[in-house]
Amino acid sequence: MQIKGAFRLFRVAGIDVLLHWTWFLVALIQIQHRAQSYNSLAWNVLEYLALFLIVLLHEFGHALACRSVGGQAHTILLWPLGGVAMVSPPPRPGANLWCLAAGPLVNVMLAVLFFGVGLVAHMTGALVAHPDLAKLFTMVALINLVLLIFNLLPVYPLDGGQILRAILWFFLGPSTSLIVASIMGFVGVGLLILLALWMQSVWTGILCVFVLFSCWQGLQQGLAMLRMAKAPRHAGFACPGCGAAPRVYPAWQCGQCRTKFDTFATGARCPGCGALFDLTRCTACGQAHAMSAWPVRVPALPDSSGC
Ligand SMILES: [Zn+2]
Ligand SMILES: [Zn+2]
Ligand SMILES: [Zn+2]
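Attention in this report is confined to the structure presented alongside it. (Residues numbered from 1 in each chain as written. Chains lettered and ligands numbered in written order. Predicted model: local features only at pLDDT ≥ 70, side-chain atom pairs only at ≥ 80, totals over all residues.)

Bringing unusual backbone geometry into the picture now. In this structure, the amide linkage connecting Tyr156 to the following residue, Pro157, adopts the cis form with an omega of 5°. Inspection of the secondary structure puts Pro157 in the loop between α4 (131–151) and α5 (159–199). In this structure, Ala13 takes a positive phi of about 50° despite not being glycine. Turning to its location among the elements, Ala13 is positioned in the loop between β1 (6–12) and β2 (15–20). Accessibility expressed as a C-beta count within 10 Å gives 9 for Ala13, which makes it exposed. With phi around 65°, Ala268 is a residue other than glycine that occupies positive phi space. The class for Ala268 is partly exposed, based on 18 C-beta atoms found within 10 Å. (Helix = DSSP H or I, 4+ residues; strand = E, 2+ residues; numbered from the N terminus. Buried ≥ 20, exposed ≤ 12 C-beta atoms within 10 Å, placed from the backbone.)

Given below as structure tokens:
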């Protein structure tokens, strides 16, 4: 997957780890900003790399959990606001819940690990002779804890908000749960904005803009899903995977020109730019199949006219 401004760092277990160039910019600012906290700048660099590693492990938690339930996960993007695992779990609430919970679960395991190591170090006095190492260790453990708490805030699209949506999905269905979680996200972001003002934190402010934008998108997506659920179905087509007939609805979006269209009305061709798509994703089960596999083959009826 190509993302503008990002380059591939490495590939593990078939997952590309991409780094956005702005990450270096923010790393530089943050390392400079905390330059006085250690005896040498090398410790600041280590601290930032530890943050990078924690975020990476968290995203791998999402990606591998998504794979374990049969979903797709090929890309992890790291950028100044943290990380994004580009995952598409199967459209089931349980699969979504596991895929979402696995990220914060990694931080819980790290917290237990840090606590254990810290306890041993404290009892043996191992860190007393190395104040910089002790400071780094404390900071890294603290960063992990803050990330965990922050990720669990029930504000869409943070993990906590999406976990809330997956739980609501069991009771309200996919569209209404998304609408409710997005609206709750608007309330949550209001509180986050107050927090940003109180802390005078530019980063929290930027995050608020991102959350606001995502809540708006989530709300629009939920409303569109509701509308789609009311649309009639295409006769003559059925998903080769789950058998569901597709809706007569512009539920597909061109990855090149962003046009929304009904791929079963256009024969898998984007009406905006003319791009032809090899695979068509089922909106019911999430699997992708070639357009040629979708038409329902009606068995030929014996000719009854007799001529
Ligand atoms: Zn996460
Ligand atoms: Zn299907
Ligand atoms: Zn297009």
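Picking up where we left off.
Attention shifts here to the packing of helix α2 (residues 41–68) against α4. Interaxial distance between α2 and α4 falls to 10 Å at its minimum, and their mutual angle equals 30°. It follows from the interaxial angle that α2 and α4 lie roughly parallel. Note that α2 runs across α4; the crossing there is right-handed. Here α2 contributes Trp43, Leu46, Glu47, Ala50, Leu51 and Ile54 to the contact with α4, which in turn contributes Asp132, Leu136, Met139, Val140, Ile143, Asn144 and Leu147. Grouping the constituent residues of the contact of α2 with α4 by class yields 10 nonpolar, one polar and two charged. (Axes fitted to C-alpha atoms, helices over the stretch in contact; angles between N-to-C directions. Parallel < 35°, antiparallel > 145°, perpendicular 65-115°, else oblique. Left-handed = near helix turned anticlockwise from the far one by under 90°. Contact = placed C-beta atoms within 7 Å. Nonpolar A, V, L, I, M, F, W, Y, C, P; charged D, E, K, R; others polar.)

With that settled, the discussion passes to the sheet that holds β2. Across the sheet, which stays open at both edges, the four strands sit in the order β1-β2-β3-β4 with mixed pairing between neighbours. Two strands close off the open sheet at either side, each with one partner strand: β1 and β4 (82–88). Each adjacent strand pair in this sheet contributes to an overall mean axis angle of 20°, direction not counted. The pairing of strand β3 (residues 72–79) with β4 spans seven bridges and is classified as antiparallel. Across the sheet, the residue bridging to Gln72 is Ser88, located in β4. Here α2 sits on the sheet in contact with β2, β3 and β4, set at roughly 10° to β4. (Pairing = 2+ DSSP bridges.)

Glancing now at the nonpolar core. Residues Ala63, Cys66, Val87, Cys99, Val155, Val189 and Val211 are the most contacted members of the largest nonpolar core, which totals 37 residues. Counting only elements with at least two residues in this core, the list comes to β2, α2, β3, β4, α3 (93–124), α4, α5 and α6 (202–230). For this core, the element with the highest residue contribution is α5, accounting for nine residues. Each of two domains, domain 1 (1–152) and domain 2 (157–230), supplies a minimum of three residues to this core. When neighbours within four sequence positions are excluded, Val155 is seen to be in contact with Gly160, Gly161, Gly185, Gly188, Val189, Leu192 and Val211. (Core = buried A, V, L, I, M, F, W, Y, C linked by C-beta atoms within 7 Å. Domains from an automatic or database assignment.)

By themselves these figures say nothing about function.
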